[in-house]
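Listed here are the chains, written in short residue letters.
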Amino acid sequence: MESNFPNKNNFLLASRTLSPTGSKNSSSDEEASPDACMGYYGVICFNGCVNRLNITTASVIGTLHEFAFSSLPFLDYVDLSMNQLSGTIPPEIGKIPPQIGSLKNLEVLHIYVNQLNGSIPGEIGHLSPLTRLDLSTNVLNGSIPVSLENLNNLLYFHLYENQLSSSIAAEIGKLINLVELYLDRN
């Protein structure tokens, strides 16, 4: 992630891979441990693997283009809300490379109140465990990808305050578990 982070020493970069307990860390010769994430702002690990990123209101400025989501295959929660992220949402967020099943556990994706632009990547529709998707208050445009109909576990879906156009696809009606849908102010 290209960014201006106020305390870079306390943020776990996606390029650093933490290995399970007892194995070597790929970026150093030290042993990985269950507390390998201690001291890293907004990072929670389980068994030495990063599974949660919560960097809400951390004054992060930049784009998500260089953020290696696929190097964090155990993520189940991502919250990058209320920062100053800009640019497009990289399609890698939703891609599931067969070799590692990237982001196959992601249940929460919050990137609201930023300056993200461009269209919503259809690849997000591959994140079948997703229960909460909030991309509101950005500058996203285009239409809602039809592939989002595959998010059968989606409960909360917020896209309000963007610049989305076209009519709401009938496929949104296939989201039978949806409890909350906010699309206003587009």
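**Examining the overall build of the protein**
- The helix and strand inventory of the protein stands at zero helices and 13 strands.
- Counting over 186 residues, the protein shows a buried share of 46%.
- If you take every contact in the protein between residues at least 6 apart in sequence, the share linking residues at least 24 apart comes to 59%.
- Per element, the accessible surface of the protein, about 9000 Å² overall, is 51% carbon and sulfur.

**With respect to the pairing of strand β6 (residues 84-88)**
- Pairing of strand β4 (residues 61-62) with β6 involves two bridges; the strand directions are parallel. By the bridge assignment for β6, Gly-62 is matched with Leu-85.
- Sheet topology places β6 next to strand β8 (residues 115-118); three bridges connect them, and they run parallel. Within β8, the position partnered with Thr-88 by the bridge is Asn-117.

**Some remarks on the pattern of salt bridges**
- In this structure the tally under the stated criterion is four salt bridges.
- Linking Asp-76 and Arg-52 is a salt bridge whose minimum nitrogen-to-oxygen distance equals 3.5 Å. Highlighted residues: Asp-76 in the loop between β4 and β5 (77-79) and Arg-52 in strand β3 (residues 49-54), separated in sequence by 24 residues.
- The exposure class assigned to Arg-52 is partly exposed, which follows from its relative accessible area of 33%.
- Residues Glu-161 and Arg-185 are paired through a salt bridge, measuring 2.9 Å at the closest nitrogen-oxygen approach. Note that Glu-161 is positioned in the loop between β11 (156-158) and β12 (163-164) and Arg-185 in the segment after β13 (180-182), a separation of 24 residues in sequence.
- Judged by relative accessible area, which is 28%, Glu-161 ranks as partly exposed.

**Some remarks on the environment of Gly-125**
- Position of Gly-125 among the secondary structure elements: in the loop between β8 and β9 (132-134).
- Residue classification places Gly-125 among the buried positions, given a relative accessible area of 4%.
- For the pair formed by Gly-125 and Asn-152, sequence separation is 27 residues and the distance between their alpha carbons is 9.7 Å.
- Residues within four places of Gly-125 in sequence aside, it is in contact with Ser-147, Leu-148, Asn-150 and Leu-151.

**Description of the confidence of the model for the protein**
- Mean pLDDT for the protein: 79, with 76% of residues reaching 70 or above.
- When the criterion is pLDDT under 50, residues 1-32 qualifies, and its contacts beyond four places in sequence or with other chains add up to 74 contacts.
- Low pLDDT, under 50, characterises residues 96-101; the predicted model gives this stretch seven contacts beyond four residues in sequence or across chains.

**Some thoughts on unusual backbone geometry**
- A positive phi angle, near 55°, is found at Asn-47, a position not held by glycine.
- Counting through the fold element by element, Asn-47 comes out in the loop between β2 (43-46) and β3.
- In this structure Asn-47 comes out as partly exposed when scored by relative accessible area, which is 48%.
- One non-glycine residue, Thr-137, lies in positive phi territory at about 55°.
- Following the sequence through the fold, Thr-137 ends up in the loop between β9 and β10 (139-142).

**Things to note about the sheet that holds strand β7 (residues 108-110)**
- Taken in spatial order, the seven strands of this open sheet run β2-β3-β5-β7-β9-β11-β13, and their pairing is mixed. With one partner strand each, in any of the chains shown, β2 and β13 form the two edges of the open sheet. The sheet shows a mean angle of 15° between the axes of neighbouring strands, taken without regard to direction.

**A short note on the state of the cysteines**
- Evaluated as defined, the whole model comprises zero disulfides.
- Summary of cysteine pairing: Cys-49 is not part of a disulfide, and the nearest cysteine sulfur, belonging to Cys-45, is at 7.5 Å.
- Among the residues examined, Cys-49 registers a relative accessible area of 11% and is labelled buried.

The rules behind these values
- Residues numbered from 1 in each chain as written.
- Predicted model: local features only at pLDDT ≥ 70, side-chain atom pairs only at ≥ 80, totals over all residues.
- Heavy atoms only, no water.
- Helix = DSSP H or I, 4+ residues; strand = E, 2+ residues; numbered from the N terminus.
- Buried < 20%, exposed > 50% of the residue type's maximum accessible area, 1.4 Å probe, protein only.
- Contact = heavy atoms within 4.5 Å.
- Areas by Shrake-Rupley, 256 points an atom, 1.4 Å probe, with all protein chains shown as cover.
- Pairing = 2+ DSSP bridges.
- Salt bridge = Lys/Arg side-chain N within 4 Å of Asp/Glu carboxyl O.
- pLDDT = per-residue confidence, 0-100.
- Axes fitted to C-alpha atoms, helices over the stretch in contact; angles between N-to-C directions.
- Disulfide = S-S within 2.5 Å.

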